[in-house]
Each structure stands twice: as structure tokens, then as C-alpha cells.
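Coordinates in review
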Amino acid sequence: MRKVGFIGWRGMVGSVLMTRMYKNNDFESLTPVFFSTSQKGQQVDILGVGASVLKDAYAIDVLMQMEIIVTCQGSDYTADILPKLRNSGWQGYWIDAASHLRMHDDSVIVLDPINGDSIQKALDKGVKNFVGGNCTVSLMMLAIQGLLKEDLINWISVMSYQAVSGAGAKAMIELVNQMSLAGNVDITDSLTLERDIHTKVSSSDFPCTEFLTPMAYNILPFIDAPLANGQSKEEWKAQAEMNKILQKTPALPIDGICVRVPVLRAHSQALTIELKKSIALNDIQQKLEKANEWVRFVDNDPKLTAKHLTPMAVSNTLDIAVGRLKKTNLSDRHIQLFTVGDQLLWGAAEPLRRMLNICLARV
């Protein structure tokens, strides 16, 4: 069977990927080889595979033996290792969760329910580098696939509310620790409660290393590096990556603000969309529901919204909840909706898993 190398498989995205592969019996169709950047030579027990001795993730000669490499190790690793492999003549498929290669001309951002035809054409042309997209971009595209595939959109304004897990496991642990520390106050009086929590969280010695400000009882309306035009890099990715996936010219205008919120898992997004024509809400709902099997439409109702349109409702599932659909006061062609999905699944691991199976069918 085909040799597939895995790097970064113990991180957050990598762990979710391993679990998904185990549940879908994906390991039965390949020979997995597990690499480590820090623990080469150690024997570990891996879900669905059993005992395995870890290889050196920097050993080019060993990596060269792989027909496919799947990495969740990060951009620095990709920037270091992939050029060395290619310069040594490696012709295998590189499947990557990191952002480093996304906008490169010789790579394809993978989200096969959306761009499956483009992926197949790229494989036919000999493209070897395939990259998972930004988590919010992938989730948004699946949520509104029914409108995208009929080319019904003029522009999108997106406000994303992103869980701390998007910043890694350490960020999740820090939030939980902060909530525990901040919550240890007198709760007999509401004003005293608020004041005491504010005093604790605002203190200069309150533990905060993962973000610019404590996330407990707070939000941070800036994610990633600032750009010259006032956007953050995270906000820039929406238009750049979506249009690359769609191969759309001229580009579909997309902008908004990305906000980090004190949620552990699953990203939410509020969209304002200008349509090219007026469409009845019932027709929009049908288009969204029929576009793919993962959209879960939620009627614009308070109780149903509270039950089904929240991070807690979709975490650890492939469901992409879509609700709060309504026309706006701007015009009959402007609609708004809210969507939430697990950024570790459809936002990260699942596109890689599916791309691996597509590549396995080619080698």
C-alpha cells in the first residue's frame, strides 16, 4: 500500500484528523508513517494504527520515501522542508493545513464540495501541493454554497466571532484558567460581582500570554497581523482565499471584522449579503439546504436559535448551522444570516482527510 507520512498529527488539527481517519477506516487503504520534530525514535500507540516508532520529521531521505505527506506542523516547517524535498526531486503529493502555500500559484486550496472539479483538473495538470483553507472561509463557503454556485452574490460583509481554539491548545487552557481565577469572587451582590471580576481581569498580574488582552469575560476585535489598509490579515483572507477557491474573475468583494470571543470551539459568522436580484426567503432557504449535506437550516425563531445555532450545538460535528435569515432595511436584495461550524472539522481537518483520499486514488 501507499506510504503516507504524517507530521504534526498530535496537535489540535492533527488529532482531529487522526480521529476522523480512524472513524472512517482510512488507515486501511494506506501505510502510515508518523514523524516527529522533537521525539524521533520513540514508540507510541496511535489510534487505529497501533504501536509505531516515530521518524525524524527533518530527515529528508526518509521523507523522500513517502508518496504523500500530510502536515499539520505549521508554516515554518513547510517553508523549511518542502523546498528541500522538491529540490531533491521528490514528486509526491504535499497536503498541508498551514497557510504558507495557500496563495502560491503552484498550490490549490482544497474544499472539494466547492471546488472538486478544480482539484481534479489540477491533479490532471500535475499539481502536487494542496492546502486546507482558512477555517472561517471554508465554513462560510459551505454555509452559502447554494448562493455561490448560482452566482447570485454581488458582495459580502462578514463579521466573524472566532473561538480561542483557533489560536491553539494553549489558548484554550489559558481561557479556562482565566475564567476559573476571575470567577472566584463574592456573588451575593451583582455590582460587587462585576467590579471584582473587572478588577481581577484588568490587573497587570492577571495571567495572559496567548493574547494581547485577557479573553475571560472579554472579546478582542483584532485577529492576526495588521495590514496597511486597516484590515487584519485574517480579514484579508476572506476575499483572497474565497476567490482563489472559486477561481472567480473579477473578484467577489468580501470584507468585515474578525473578533476573538471567549468560546472554546466552533466559529460563528454574521453575514450581510447583497444579492444580484431579489429572491424570496423560502427560495434562499431551499438553495442553502440543497447545496450540500452538512447545512442545517434553523428557522428564525428564538428558541430554535438558542438550541441549534450556537457553538455548543455544532461542536464535534460536521454540521454547519445556518439561521437568522432575513431581509434587511437596506433593500429587498440585501439579506442577513448567521452561521456557525466547527473550525477544527470542516474548517481544518476534514478537507485534508478528503484530499488525502482523492490523492490516494491517483497514486
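Residues numbered from 1 in each chain as written. Predicted model: local features only at pLDDT ≥ 70, side-chain atom pairs only at ≥ 80, totals over all residues. Heavy atoms only, no water.

**Notes on the environment of leucine 288**
Within the element layout of this structure, leucine 288 appears in helix H10 (residues 281-291). A residue is classified by how much of its surface remains accessible, and leucine 288, at 0% relative accessible area, is buried. Linking leucine 288 and threonine 249, residues 39 residues apart in sequence, is a C-alpha distance of 23 Å. When residues no more than four places from it in sequence are discounted, the contact partners of leucine 288 are Ala143, Ile144, Gly146, Leu147, Val295, Phe297, Val322 and Leu337. (Helix = DSSP H or I, 4+ residues; strand = E, 2+ residues; numbered from the N terminus. Buried < 20%, exposed > 50% of the residue type's maximum accessible area, 1.4 Å probe, protein only. Contact = heavy atoms within 4.5 Å.)

**A short note on the packing of aromatic side chains**
By the definition in use, this model includes nine aromatic pairs. Ring centres of tryptophan 90 and tryptophan 94 lie 6.4 Å apart, and the angle between their planes is 80 degrees; this geometry places the pair in the edge-to-face category. Of the residues examined, tryptophan 90 reaches a relative accessible area of 3% and is grouped as buried. On the accessibility criterion, tryptophan 94 (0% relative accessible area) is buried. Following the ring pairs from residue to residue traces out a cluster consisting of Phe6, Trp9, Phe27 and Phe34. Geometry around tyrosine 93 places lysine 128 over its ring, the cationic atom sitting 4.5 Å from the centre. (Phe/Tyr/Trp six-rings, centres within 6.5 Å; stacked < 30°, edge-to-face > 60°. Lys NZ or Arg CZ within 6 Å of the ring centre and 35° of its normal.)

**Section: the pattern of salt bridges**
Summed over the entire model, instances satisfying the criterion amount to 18 salt bridges. The salt bridge partner of arginine 195 is aspartate 196, with a shortest N-O separation of 3.8 Å. Residue classification places aspartate 196 among the partly exposed residues on the basis of a relative accessible area of 24%. Notably, a salt bridge pairs lysine 327 with aspartate 332, separated by 3.0 Å at the nearest N-O pair. In this structure aspartate 332 comes out as partly exposed when scored by relative accessible area, which is 44%. Here the salt bridges do not stand alone but share partners, grouping Arg20, Asp26, Glu350 and Arg353 into one network. (Salt bridge = Lys/Arg side-chain N within 4 Å of Asp/Glu carboxyl O.)

**Let's talk about the packing of helix H5 (residues 135-143) against helix H9 (residues 233-246)**
At a closest axis distance of 9 Å, the pairing of H5 and H9 adopts a crossing angle of 55 degrees. Overall, the two elements H5 and H9 adopt an arrangement that is oblique. As for the relative orientation of H5 and H9, their crossing is right-handed in sense. Two secondary-structure elements touch here, H5 through Thr136, Val137, Met140 and Met141 and H9 through Glu234, Lys237, Ala238, Glu241, Met242, Ile245 and Leu246. Classifying every residue of the contact of H5 with H9 gives seven nonpolar, one polar and three charged. (Axes fitted to C-alpha atoms, helices over the stretch in contact; angles between N-to-C directions. Parallel < 35°, antiparallel > 145°, perpendicular 65-115°, else oblique. Left-handed = near helix turned anticlockwise from the far one by under 90°. Nonpolar A, V, L, I, M, F, W, Y, C, P; charged D, E, K, R; others polar.)

**Observations regarding the sheet that holds strand S12 (residues 267-275)**
Read across the open sheet, the six strands follow the order S11-S10-S12-S15-S14-S13; overall the sheet is mixed. The open sheet terminates on both sides in strands that have one partner only, identified here as strand S11 (254-260) and strand S13 (295-297). On average, each strand axis in the sheet is tilted by 20 degrees relative to the strand beside it, whichever way the strands run. One ladder, built from seven bridges, connects strand S10 (residues 153-162) with S11; its direction is parallel. (Pairing = 2+ DSSP bridges.)

**Topic: the pairing of strand S8 (residues 107-110)**
Of the two faces of S8, the one holding Ser107 and Ile109 and the one holding Val108 and Val110 are both buried throughout. By the bridge criterion, four bridges tie S8 to strand S9 (residues 129-132) in an arrangement that is parallel. Bridged to serine 107 within S9 is asparagine 129. After leaving S8, the chain enters helix H4 (residues 112-124) and then returns to the sheet as S9, a path that is right-handed. (Right-handed = clockwise from strand over helix to strand, strands pointing away.)

**Focus: the sheet that holds strand S7 (residues 93-96)**
Taken in spatial order, the seven strands make up an open sheet running S5-S2-S1-S6-S7-S9-S8, and their pairing is parallel. Every other strand in the sheet has two partners, leaving strand S5 (55-56) and S8 as the edge strands with one partner each. Where strand S1 (residues 3-7) and strand S2 (residues 31-36) come together, four bridges link them in parallel fashion. When the bridges of S2 are listed, phenylalanine 6 appears paired with phenylalanine 34. Taken strand by strand, helix H13 (residues 345-360) contacts S1, strand S6 (68-71), S7, S8 and S9, and its axis lies near 170 degrees from that of S7.

**Focus on the environment of alanine 59**
By the element assignment, alanine 59 lies in the loop between S5 and helix H2 (60-63). A residue is classified by how much of its surface remains accessible, and alanine 59, at 14% relative accessible area, is buried. C-alpha separation for the pair alanine 59 and isoleucine 81, spaced 22 residues apart in sequence, amounts to 9.3 Å.

**What to know about the nonpolar core**
Of all hydrophobic cores here, the largest spans 69 residues; its most connected members are Phe6, Ile144, Ile156, Ile273 and Leu356. Counting residues per element, this core draws most heavily on H13, which supplies nine residues. (Core = buried A, V, L, I, M, F, W, Y, C linked by side-chain atoms within 4.5 Å.)

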